[in-house]
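Coordinate inspection notes
The chain contents come next:
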Amino acid sequence: MSQDYIPQTLELALQAQWAETGRFAVQPDNTREKFYCLAMFPYPSGKLHMGHVRNYTIADVIARYQRMQGKNVLQPMGWDAFGLPAENAAIANNVPPAAWTRENIAHMRAQLQRLGYAYDWDREIATCDPHYYQWEQWFFTQLYEKGLVYKKMATVNWDPVDQTVLANEQVIDGRGWRSGALVERREIPQWFIRITSYAEELLDGLDTLDGWPEAVRTMQRNWIGKSQGVELAFGLETPIADLDKIEVFTTRPDTLHGVTYISLAAEHPITLALAEQHPPLQQFIDTCKQASVAEADMAQAEKLGMDTGLRARHPLSGEEIPVWVANYVLMDYGSGAVMAVPAHDERDWEFARKYDLPLKTVICDPEGNPADTQSGAYTEKGVLTASPGFDGCSFEEAFEGIAARLEETGMGRTTTQFRLRDWGVSRQRYWGTPIPMLNLAEGGDIPIPADRLPSLLPEDVVMDGVTSPIKADPEWRKFELAGEACERETDTFDTFVQSSWYYARFTCPNYTEGMLDSEQANYWLPVDQYVGGIEHAILHLLYSRFFHKLMRDAGLVSSDEPFKRLLTQGMVLKDGAKMSKSRGNTVDPQTLIDRYGADTVRLFSMFAAPPEQSLEWSDSGVEGANRFIRRLWRLVHDFDSTQAAVPSDALSDEQKNVRRKIHETIAKVSDDYGRRQTFNTAVAAIMELCNELGRHPADDSSDHAVISEGLHAVLQMLWPITPHLSEHLWPVLTGNAFVESQWPALDETALSRDELEIVVQVNGKVRGKVKVPASADNAEIESLAMSQENVQRFLTDKTIRKVIVVPQKLVNIVAQ
RNA sequence: GCCCAGGUGGUGAAAUUGGUAGACACGCUAGCUUCAGGUGCUAGUGCUCGCAAGGGCGUGGAGGUUCAAGUCCUCUCCUGGGCACCA
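As the structure is a computational prediction, the values presented were derived from the model and not from experiment.

1. Overview of the overall build of chain A
Tallying secondary structure elements over chain A gives 27 helices and 32 strands in all. Summarising its shape, the C-alpha atoms of chain A cover approximately 100 × 85 × 50 Å along the three principal directions. Of all 816 residues assigned to chain A, the portion counted as buried reaches 53%. Taking contacts inside chain A between residues at least 6 apart in sequence as the whole, the part at least 24 apart equals 72%. Of the roughly 35800 Å² of accessible surface on chain A, a fraction of 48% belongs to carbon and sulfur atoms.

Below, the structure written as structure tokens:
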């Protein structure tokens, strides 16, 4: 007699049991292989959305699959708890960010528990906990001592009405989101970590990450952006701002004779000096400053420029080159000046056309003629022309020749440049880790001594929406060091700092003697499987790799890279865009959990699409996942498990077919879970098997044995995805308690076939199918294929030119 | 603008190594079951011509390579992600 499937009851009962027995709590164990499975921890925004469910289900399926392989699996969970949304919520709801954040954590923790994820909850971390961020502060002071941290002026978005710094997200169409004022770029002192010192290693390390998607590695390579080029200078007749030359970097020294002007950034010292005597230029600089600092905004902004009237000397030809100021040249990047070659660079070409600046074509097209640059820039490399002394040279010859000439005259040298910039970690916001630095009365900075850490963030605060409470409170700032009064830094860390090392802290979350307990860290690290959104392909993953190397060089961990294998999950989109609170297009999975239970939600989110693909959200199909679960439920309950299931030696063909299907499915699902990580096709294969088991009659004891074998395998294979269902049905089927570390064994002999079906094509089109004995050789297959009636029809009046036989698959007869 | 992906039925998708396009589901249609249906079962379902057997077309678009292309190459259009202060 079938009982009804009531997921709420059975899921809650099992979850309570898992919690009570500490089922998923783990410790190092040298008798088993370890496996550290980690999903990117969430920002506690309020409640889970479908993107979270997808992310955490993928990781949980992998973790549980590895448990079934007998491994010692660590799967922790925590909270990326600092960040901007808490400040916004605090203002909107009149509640301190800390309280809002902790409430969200409590709610979301309950939701994750309701989804039945196999987490070791004893290791839970929230980054806003002082026990966490104190070690981050400590580590920063260590980096300071090593010279890996420094302070410099850097550009921020400034809201002139609210008198506050805005995040890029808070700038909408060039205006502050609250005040509506046009934002300005402003330079303020900020702390930086020297990620560029590790640029080379971060680049080279990508080659070792063969468990990472190629797309992510490519994006990181391009982001680091190593390029060979030449640093050269255009001389000035009279020094300006103590500079007697303008330095530029180019990867195309071969086009040096094509330079027709130079562009300076608005913040370049020469620009600023010139503006002092030139009011229109000052006006232009002010216009340039009225823009967001986001690179995307700048790249899409209309290109604006102004001739400064200054002339610089071309380092080879000695010609006078006009010096312009352009809004697309960035002071933060490179030297803040570029040599413009409009004939061979697209941006320069556009700019030159707009301001009617001359073009000088110095590269030939493949035919050997000067390239046509009238209708657009010619950016290919080619043989030089109109370049005295280098005409006829290839790119490589010209590169070396021109670099050598510049070196002789002291006007340049070959160099390697990285696109990567140092990591600015200062944020002018409240809800973050206080930067553990002190401003001394006589000027200068010094780290807060280790024994005075943590530098605690006060939590009981009122947000006014404009100024950070720790900036507004002069008392908080006060600090006494060796009897001297000084002031705390009131900026906080970028939240990426917290998320750059949490994976390591999970190995020893309660360690009080230091940042990491190396013994624990080195047992578990590196993370064997990291799962998270593709939107983190560059920043978070690069910063984490960087931090790992910093921790290694501090002797805290012994590995070089933090994440061995990476699965970048596609985004769950709604209305065609990333789900986010700020867009208001999130989908709440709670209603689905309440209605269908966790297993249905888990099954559906795995079945809907392959994990790496982005997914436009729609509810349709959830019903189908639930229907499958109920069908399996009946199948198991209706199966007479009391009847002895003795496998017979002599199975019928039909029974052999079912057994083959069982073992083909085991092979496929193992491959899909383990190597391919395509959980949707694994589910489809299990569904197919269930369909077949349901169709097969249970007439005799051999039938019974075969179906029993199939149902056992189905419940085991489904455990990673629908653990409650599997654990609940297992005793119904077997009379015994579910044994976790047991993946169904593959019986290779069950896979063999006596007969194969081969497709027959004529000129590439399918004209028939033919059954051939598995042992048939190519000649036999060919003659069987030829004998097909429909094949013959298409061969009449034709001469056979060629016959291609693809073993096990097809025959293609080429005829004319 | 730059970097990285993706585009296949009415829908989500499958096709793993260049070898049968559309597995598995959703939806829909018809039938059975049921007092009833947000139940269960059976059959059908890319488009198109045909009574059928079978044929033609078909993987964003245009070209190309190949006995064979969703898969490889060139160009192009569209969608999504990232662009350093959203996380």
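Next comes the rest of the account.
2. A word on the protein's contact with RNA strand B
By nearness alone, 81 residues border RNA strand B, and R427, R429, R595, A608 and K668 come closest of all. Considering RNA strand B, the proportion of its atoms within 4 Å of the protein that are sugar or phosphate atoms stands at 62%. Side-chain polar atom of Q613 to a phosphate oxygen of RNA strand B: 3.0 Å apart, as the coordinates give it. Measuring from a base oxygen of RNA strand B, one finds a side-chain N or O atom of N812 at 2.7 Å. Here the surface near RNA strand B takes six residues from helix α23 (residues 679-695), the largest share from any one element.

3. Notes on empty space enclosed by the protein
A water-sized probe rolled over the atoms picks out the places where empty space is left. Considering all chains together, one arrives at two cavities of 30 Å³ or more under this definition. One number sums up the size of the largest cavity: a volume of about 40 Å³. Lining the largest cavity are M50, R54, V572, F604, S605, A608, L615 and W617. Mapped onto the lining of the largest cavity, the elements with two or more residues apiece are α2 (50-68) and α20 (598-607). A per-class count over the lining of the largest cavity returns six nonpolar, one polar and one charged. In this structure, the second largest cavity encloses a volume near 30 Å³. Along the walls of the second largest cavity sit F24, A63, R67, V73, Q75 and A118, which together make up its complete lining. In terms of residue class, the lining of the second largest cavity is made up of four nonpolar, one polar and one charged.

4. Brief notes about the layout of surface pockets
The calculated volume of the second largest pocket comes to roughly 1000 Å³. At the level of elements, β11 (243-250), α10 (295-300), β15 (337-340), α11 (346-355) and β16 (412-418) are the ones that each hand at least two residues to the lining of the second largest pocket.

5. Side note on unusual backbone geometry
The linkage connecting L453 with the following residue, P454, adopts the cis geometry, with an omega of 0°. With respect to the helices and strands, P454 occurs in the loop between β20 (445-447) and α13 (469-472). The phi torsion at A386 lies on the positive side, around 50°, for a residue other than glycine. Tracing the chain through its elements places A386 in the loop between α11 and α12 (395-408). Its identity is not glycine, yet Q808 carries a phi of approximately 70°, on the positive side. Here Q808 lies in the loop between β31 (800-806) and β32 (810-815). Residue classification places Q808 among the exposed positions, given a relative accessible area of 55%.

6. What to know about the pairing of β31
Where β31 and β32 come together, six bridges link them in antiparallel fashion. Bridging across to β32, K802 finds its partner in V814. Here β31 folds back onto β32 in antiparallel fashion, the turn holding three residues, of which Q808 has a positive phi close to 70°.

7. Considering the packing of α23 against helix α24 (residues 701-718)
Here α23 crosses α24 at 155°, and the two axes come no closer than 10 Å. Between α23 and α24, the crossing angle belongs to the class labelled roughly antiparallel. Judged by the sense of rotation from one axis to the other, the crossing of α23 with α24 is left-handed. Facing I686, L689, C690 and L693 of α23, the residues of α24 in contact are I707, G710, L711, V714, M717 and L718. Taken together, the residues that form the contact of α23 with α24 break down as nine nonpolar, one polar and no charged.

8. Quick look at the sheet that holds strand β27 (residues 577-578)
One open sheet holds the three strands; their spatial order is β27-β26-β28, and the pairing between them is mixed. A strand with exactly one partner marks an edge of an open sheet, and here the two such strands are β27 and β28 (615-616). In the sheet, strand β26 (residues 572-574) pairs with β28 via two bridges, with the strands oriented parallel. Looking at the pairing, L573 lines up with E616 of β28.

9. Structural notes on a negative patch on the surface
A contiguous patch of negative charge, built from D653, E654, D754 and E755, is present on the exposed surface. Mapped onto the elements of the fold, D653 is located in helix α22 (residues 653-676). Taking relative accessible area as the criterion, D653 reaches 57% and is therefore assigned exposed.

10. Points about the packing of aromatic side chains
Applying the stated rule across the entire model yields 40 aromatic pairs. Between Y198 and F546 the ring centres are 5.4 Å apart and the planes differ by 70°, which places this aromatic pair in the edge-to-face class. Of this pair, Y198 sits in the loop between β9 (184-193) and α6 (199-205) while F546 is found in helix α18 (residues 539-553), placing the two residues 348 residues apart along the sequence. In this structure, Y198 and F546 share a single accessibility class: buried.

11. Points about the packing of helix α21 (residues 622-638) against helix α25 (residues 723-734)
Across the interface, α21 lies against α25 with an axial gap of 9 Å and an inter-helix angle of 15°. Taken together, α21 and α25 sit at an angle that is classed as roughly parallel. Helix-helix and strand crossings are classified by hand; for α21 and α25 the assignment is left-handed. Residues I629, L632, W633, V636 and H637 of α21 touch α25, and the partners they reach there are L725, H728, L729, V732 and L733. For the contact of α21 with α25, the class distribution of residues is eight nonpolar, two polar and no charged.

12. With respect to the nonpolar core
Within the largest apolar cluster, 101 residues are counted, with the highest numbers of intra-cluster contacts made by L112, L632, Y673 and I686. Broken down by element, this core gets its largest block of residues, 10 residues, from α2. Beyond its immediate stretch of four places on either side in the chain, L632 contacts C690, L711, V714, L715, L718, L725 and L729. With 59 residues, the next largest nonpolar core counts L143, V149, I195 and Y543 among its residues.

13. Side note on the environment of Y117
In this structure, Y117 sits in the loop between α4 (97-114) and β4 (125-126). Judged by relative accessible area, which is 5%, Y117 ranks as buried. Sequence separation between Y117 and P731 is 614 residues; the distance between their C-alpha atoms is 21 Å. Within the structure, Y117 has its side chain in polar contact with the backbone oxygen of V53 (distance 3.4 Å).

14. Structural notes on a positive patch on the surface
On the surface, R627, R630, R631 and R634 cluster together to form a positively charged patch. Within the element layout of this structure, R634 appears in helix α21. Looking at R634, the relative accessible area reads 41%, which means it is partly exposed.

Conventions and cut-offs
- Residue numbers run consecutively from 1 along every chain, following the written order of its sequence.
- Written order determines the labels here, with chains lettered from A and ligands numbered from 1.
- Per-residue local features are limited, in this predicted model, to residues with pLDDT of at least 70; the limit for side-chain atom pairs, both in listing and counting, is 80 or more; totals at the level of whole chains, interfaces and linings are taken over all residues.
- Heavy atoms throughout the structure, all of them, feed into the side-chain values; hydrogens and water do not.
- Note on conventions: DSSP H or I runs of at least 4 residues are helices, E runs of at least 2 residues are strands, and numbering of each starts at the N terminus.
- When accessible area is computed with a 1.4 Å probe and restricted to protein chains, residues below 20% of their type maximum are described as buried, those above 50% as exposed, and intermediate ones as partly exposed.
- What makes two residues a contact is simply this: any of their non-hydrogen atoms within 4.5 Å.
- Computed with the Shrake-Rupley method and a 1.4 Å probe, the accessible areas treat only the protein chains shown as cover for residues.
- We call a residue near a given molecule or strand whenever any one of its heavy atoms falls within 4 Å of it.
- Residues adjacent in sequence count toward polar contacts only when both atoms are side-chain atoms; beyond that, a polar contact is any pair of N or O atoms within 3.5 Å, and within protein one must be able to donate a hydrogen and the other to accept it.
- Two kinds of site are reported from a 1 Å grid over the protein atoms alone, namely cavities, where a 1.4 Å probe fits but cannot get out, and pockets, open sets with protein on both sides within 12 Å along at least five of seven lines, and residues are called lining when an atom falls within 4 Å of a point.
- Grid points are joined across faces, edges and corners, and a volume is the space filled by probe spheres set on the points.
- By the convention adopted, Pro, Cys, Tyr, Trp, Phe, Met, Ile, Leu, Val and Ala count as nonpolar, Lys, Arg, Asp and Glu as charged, and the other residues, Gly among them, as polar.
- Between any two strands, pairing holds if DSSP finds at least two bridges.
- Helix axes are fitted only over the stretch in contact, all axes being lines through C-alpha atoms; the angle between N-to-C directions runs from 0 to 180 degrees.
- Note on terminology: angles under 35 degrees are roughly parallel, angles over 145 are roughly antiparallel, angles of 65 to 115 are roughly perpendicular, and the others are oblique.
- By convention, the crossing between two helices is left-handed when the near helix turns anticlockwise from the far helix through less than a right angle, and right-handed when the turn is clockwise.
- The patches reported here contain residues having more than 30% relative accessible area and no salt bridge. Joining distances are 9 Å for like charges and 5 Å for nonpolar side chains (Val, Leu, Ile, Met, Phe, Trp, Tyr).
- In what follows, salt bridge is the name for a side-chain nitrogen of Lys or Arg lying within 4 Å of a carboxyl oxygen of Asp or Glu.
- The charge count treats Lys and Arg as positive and Asp and Glu as negative. His and the chain ends do not count.
- Note that the charge is assigned to NZ on lysines, CZ on arginines, CG on aspartates and CD on glutamates.
- Any two rings among Phe, Tyr and Trp, with Trp reduced to its six-membered ring, count as a pair given centres within 6.5 Å; such a pair is stacked if its planes are under 30 degrees apart, edge-to-face if over 60, and tilted if neither.
- To define a nonpolar core, start from buried Ala, Val, Leu, Ile, Met, Phe, Trp, Tyr and Cys residues and group those joined through side-chain atoms within 4.5 Å.

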